[in-house]
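For reference, the chains in residue letters:
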Amino acid sequence: MDSPISLRQFLINATHDGPPIGLLGSAHMPSPGRRFSVRTVDAAGMTTLSGLFTAFSRAWEFGKSFGYNKDSFDDCMRDLDGRALSAGVVPPTGYLTHISRAHNLLTADLGQLDWFASSLLFYRDHYAHQAHPSATFAVVLSTSERRRPIVRTRWEAAGATLAEID
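Residues numbered from 1 in each chain as written. Predicted model: local features only at pLDDT ≥ 70, side-chain atom pairs only at ≥ 80, totals over all residues. Heavy atoms only, no water.

Let's talk about helix α1 (residues 7–15)
Along an α-helix, residues three or four positions apart point the same way, because every turn accommodates 3.6 residues.
Then, in step 1: When we look at burial in α1, the residues that qualify are L7, F10, L11 and A14. Along the axis of α1, the buried positions cluster into a sector of 95 degrees, meaning they face one direction only.
Then, in step 2: Of the surrounding elements, those touching the buried residues of α1 are β1 (21–24), β2 (36–42), β3 (94–100), α5 (113–129), β4 (136–142) and β5 (162–165).
Then, in step 3: Of the residues trailing α1, D17 is marked for its positive phi of about 70 degrees. (Buried < 20%, exposed > 50% of the residue type's maximum accessible area, 1.4 Å probe, protein only. Helix = DSSP H or I, 4+ residues; strand = E, 2+ residues; numbered from the N terminus. Arc of directions from axis to C-beta. Contact = heavy atoms within 4.5 Å.)

Structure below.
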């Protein structure tokens, strides 16, 4: 296990091809800074892929065109800056999703965690290398200190590398 790093360092690393998934053993997430767009979703309602789609759609305001499937989810997640750009507004420097009670995430749909973990890498790469201007994309998983090893084990089994956030 790596030494814990600050949220700020985690976000810097994610921008430069570091892990886009951080693990926090607390429900309280520090502020990433004023130029980040942050949304919190509660994994208690995200035990299935359908629940994950619903929570992210509400939090990130996907709109009525969201098709509640993986392809549509990918399209929406890669277009978080679309509304700002189309309105002529400077988009934020980063997009951060805080998933609280992360130990519940996809527990009734365990096979989907592999897809979700690999998708987060895809979104990180999109925002860091293709978005205009380049931006940070990251997810912070928070859970109790007691459940932290469970979350880490599940995500690592799904092929994800997690950064420990202090």
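Points about the side chain of H103
Then, in step 1: If you trace the backbone, H103 turns up in the loop between β3 and α5.
Then, in step 2: Overall, H103 belongs to the buried group, its relative accessible area being 17%.
Then, in step 3: In this structure the side chain of H103 is engaged in a polar contact, spanning 2.7 Å, whose partner is the side chain of T143. (Polar contact = N/O pair within 3.5 Å; in protein donor to acceptor, adjacent residues only side chain to side chain.)

Some remarks on the packing of aromatic side chains
How two aromatic rings sit relative to each other is set out by the distance from centre to centre and by the angle between their planes.
Then, in step 1: Going through the model one piece at a time under the given rule, you end up with 19 aromatic pairs.
Then, in step 2: Ring geometry for F62 and F73: centres 5.9 Å apart, planes at 70 degrees, overall edge-to-face. With F62 in the loop between α2 (49–60) and α3 (70–77) and F73 in helix α3, the pair connects residues that are 11 residues apart, well separated along the chain. Of the two residues, F62 and F73, neither departs from the other in class, the shared state being buried. (Phe/Tyr/Trp six-rings, centres within 6.5 Å; stacked < 30°, edge-to-face > 60°.)

Observations regarding the packing of α3 against α5
Then, in step 1: Between α3 and α5, the least distance of the axes is 10 Å, while the angle of their chain directions is 30 degrees. Taken together, the axes of α3 and α5 lie roughly parallel to each other. The crossing of α3 and α5 is right-handed. Contacts between α3 and α5 pair K70, F73, D74 and M77 from the former with W115, F116, S119, Y123 and Y127 from the latter.
Then, in step 2: For the contact of α3 with α5, a count of residues per class yields 6 nonpolar, 1 polar and 2 charged. (Axes fitted to C-alpha atoms, helices over the stretch in contact; angles between N-to-C directions. Parallel < 35°, antiparallel > 145°, perpendicular 65-115°, else oblique. Left-handed = near helix turned anticlockwise from the far one by under 90°. Nonpolar A, V, L, I, M, F, W, Y, C, P; charged D, E, K, R; others polar.)

Side note on α2
Then, in step 1: With 12 residues, α2 should reach 16 Å at 1.5 Å per residue; the first-to-last C-alpha distance of 16 Å fits that figure.
Then, in step 2: For α2, the buried fraction is high: 9 of the 12 residues fall into the buried class.
Then, in step 3: Three or more residues of α2 are buried, namely L49, G51, L52, F53, A55, F56, S57, A59 and W60.
Then, in step 4: With its phi angle positive at about 55 degrees, E61 sits one or two positions after the end of α2. (Expected span 1.5 Å × (residues − 1).)

In short, the description is geometric, and any link to function would need to be established separately.
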